[in-house]
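So you can see what is in the structure, the chains are spelled out below.
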Amino acid sequence: GDADAAMAALDELVLRHPQGAHADEAQFRRGEVYFSAQRYVDAGQAYGRAVDILMPVSMEGRGAFPEFRLRLGQALFDLGAWQMRGGDLDGAAKSFTSAVGQHAVVAEHRVNLAYDYLMLARVASARGDVASARRAAVELLGLLPRLSDEDRRALAPPVEDLKTKVGLSPGGEP
């Protein structure tokens, strides 16, 4: 189908230009296609390659561009989700922490940052690290007033569930 044709085109692009100007985007999109097809191992490998391509560029100063940080944060977030599904909670914690680092520097990425903290809290809770889960939950709660009404409504159910899991009161206090 269309997914197969898209994957073939992305594979060709990556094969011909592994370090080309669009290699990071191609790897990220490959990860998206695999993730949609529930091929999480392949998705994780593609996201990992995207991060490998993006990280050195980030260190060279291009990381100041908001769209670049957004893309890298998305790749790290998706890699963390894949790791979490696979039971690699330590890897997921590292990926979500790195995603926070990318999204935290750009005000327009607050909603991405909120989801990073949500997932970081969930993975910390799954690891039994209640203190880290609470810290991430408190950071998330601090972001909520700066999000749009629509984003706050979308986050309300998982935030309430998270507060219960980590032992925070409705106001966000331990």
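The structure we're discussing is the one just above.
Notes on the structure follow. (Residues numbered from 1 in each chain as written. Predicted model: local features only at pLDDT ≥ 70, side-chain atom pairs only at ≥ 80, totals over all residues. Heavy atoms only, no water.)

### Some points on the overall build of the protein
For the record, the criterion: A run of H or I in DSSP becomes a helix once it reaches four residues, and a run of E becomes a strand once it reaches two; helices and strands are each numbered from the N terminus. To sort residues, take the accessible area from a 1.4 Å probe on protein chains only and compare it with the maximum for the residue type: under 20% means buried, over 50% means exposed, and anything in between is partly exposed. The contact definition used throughout considers only heavy atoms, calling two residues in contact when any of these lie within 4.5 Å. Note on areas: Shrake-Rupley, 1.4 Å probe, and residue coverage restricted to the protein chains presented here.
What the protein contains, in helices and strands, is eight helices and zero strands. Expressed as a percentage of its 174 residues, the buried residues of the protein come to 43%. Taking all contacts inside the protein whose residues are at least 6 apart in sequence as the whole, residues at least 24 apart take part in 52%. Put simply, the protein shows about 9,200 Å² of open surface, and 53% of that area lies on carbon and sulfur atoms.

### Here we look at the environment of R39
With respect to the element layout, R39 can be found in the loop between helix 2 (23-36) and helix 3 (40-59). In this structure R39 comes out as partly exposed when scored by relative accessible area, which is 42%.

### With respect to the pattern of salt bridges
Applied cut-off: Here, a salt bridge means any Lys or Arg side-chain nitrogen found within 4 Å of an Asp or Glu carboxyl oxygen.
For the structure on display, the rule yields six salt bridges. The salt bridge partner of R152 is D149, with a shortest N-O separation of 2.1 Å. Of the two residues, R152 and D149 are both situated in helix 8 (residues 149-166); the distance of three residues between them amounts to about one turn of the helix. Take R152: its relative accessible area is 29%, and that puts it in the partly exposed class.

### Some details on helix 2
As a reminder, the rule being used: By this rule the span expected of a helix is its residue count minus one, scaled by 1.5 Å.
The end-to-end C-alpha distance of helix 2 is 20 Å, a good match for the 20 Å that 14 residues give at a rise of 1.5 Å each. Within helix 2, the full set of buried residues consists of A23, D24, E25, A26, Q27, F28, R30, G31 and Y34. Taken from the residues just after helix 2, Q38 is the one with a positive phi, measuring 60°.

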